[in-house]
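# Descriptive analysis of the structure
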Amino acid sequence: MNCIKAGLCTAFGVAGAALIKLFGGWTEDMVTLIIVMAIDFILGLLIAAFFNKSPKSETGSISSKSCFMGLCKKCTMLLFVLVAYRLDISLGTDYIKPAAVIAFIVNELISIVENAGIIGIPMPKIITKAIEILKNKGDSGDA
């Protein structure tokens, strides 16, 4: 049994390392993107499951179709990050991937703020200001 467990752990480790290498390494901006994606997804589930106020379904409650579409959206974002990294390599630059990641972080942060509004949580001004700064940074291409 330990041999099977070790083999599976090794296989998942190799697959994970290959995936991380494909995205250009495990950078802090990628960590931030994954975190805000997870928060947005979890908030969306909570809004649908407990508040029944989801704008993604007719009844406002949880929907497997909406959940799947949300996951597809997040996977597509990650594919665009992969394409941006490959463009950086092809063009010999180092700003396309970070700009794409920042743009997607801002997109997710806006969604989180909208979800917080649905729940009834007021946003501190510093958070909305930080989102605006990130949005301007992403739009200008400075990373």
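Please read these numbers as outputs of a predicted model, since none were measured by experiment.

Turning our attention to a nonpolar patch on the surface. A surface patch of nonpolar side chains, about 400 Å² in accessible area, is lined by I42, L46, F50 and F51. Judged by relative accessible area, which is 37%, F51 ranks as partly exposed.

A word on the pattern of salt bridges. For the structure on display, the rule yields two salt bridges. Of the charged contacts, one joins K74 and D40 as a salt bridge, the two residues approaching to 2.8 Å between their closest N and O atoms. Of the two residues, K74 is situated in helix 3 (residues 64–91) and D40 in helix 2 (residues 28–51); the sequence distance between them amounts to 34 residues. Grouping residues by exposure puts K74 and D40 together as buried. Across the pair K74 and E108 runs a salt bridge, and its minimum N-O distance is 2.8 Å. Taken together, the positions of K74 in helix 3 and E108 in helix 4 (residues 96–119) put the pair 34 residues apart, joining distant regions of the chain. Here K74 matches E108 in class, with each residue buried. Connected via shared salt-bridge partners are D40, K74 and E108.

Here the focus is helix 3. The end-to-end C-alpha distance of helix 3 is 40 Å, a good match for the 40 Å that 28 residues give at a rise of 1.5 Å each. If you check which residues of helix 3 are buried, you get K74, M77, L78, V81, L82, A84, Y85 and D88. Its buried side turned inward, helix 3 meets helix 1 (2–22), helix 2 and helix 4. Phi turns positive one or two residues past the end of helix 3, at G92, with a value near 70°.

Let us now look at the confidence of the model for the chain. When pLDDT is averaged along the chain, the result is 87; 95% of the residues meet or exceed 70. Ranking the elements of the chain by mean pLDDT puts helix 5 (residues 125–140) last with 77 and helix 3 first with 93.

As a further point, take the packing of helix 2 against helix 3. Direction vectors running N to C along helix 2 and helix 3 enclose 170°, while the axes themselves pass 11 Å from each other. When the interaxial angle is binned, helix 2 and helix 3 end up roughly antiparallel. For the pair formed by helix 2 and helix 3, the contact residues are M30, L33, I34, M37, D40, F41 and L45 on the first element and C67, L71, K74, M77, L78 and V81 on the second. Of the residues in the contact of helix 2 with helix 3, the class split is eleven nonpolar, no polar and two charged.

Conventions and cut-offs
- Residues numbered from 1 in each chain as written.
- Predicted model: local features only at pLDDT ≥ 70, side-chain atom pairs only at ≥ 80, totals over all residues.
- Heavy atoms only, no water.
- Patch = residues over 30% accessible without salt bridge, like charges linked within 9 Å, V, L, I, M, F, W, Y side chains within 5 Å.
- Areas by Shrake-Rupley, 256 points an atom, 1.4 Å probe, with all protein chains shown as cover.
- Salt bridge = Lys/Arg side-chain N within 4 Å of Asp/Glu carboxyl O.
- Buried < 20%, exposed > 50% of the residue type's maximum accessible area, 1.4 Å probe, protein only.
- Helix = DSSP H or I, 4+ residues; strand = E, 2+ residues; numbered from the N terminus.
- Expected span 1.5 Å × (residues − 1).
- Contact = heavy atoms within 4.5 Å.
- pLDDT = per-residue confidence, 0-100.
- Axes fitted to C-alpha atoms, helices over the stretch in contact; angles between N-to-C directions.
- Parallel < 35°, antiparallel > 145°, perpendicular 65-115°, else oblique.
- Nonpolar A, V, L, I, M, F, W, Y, C, P; charged D, E, K, R; others polar.

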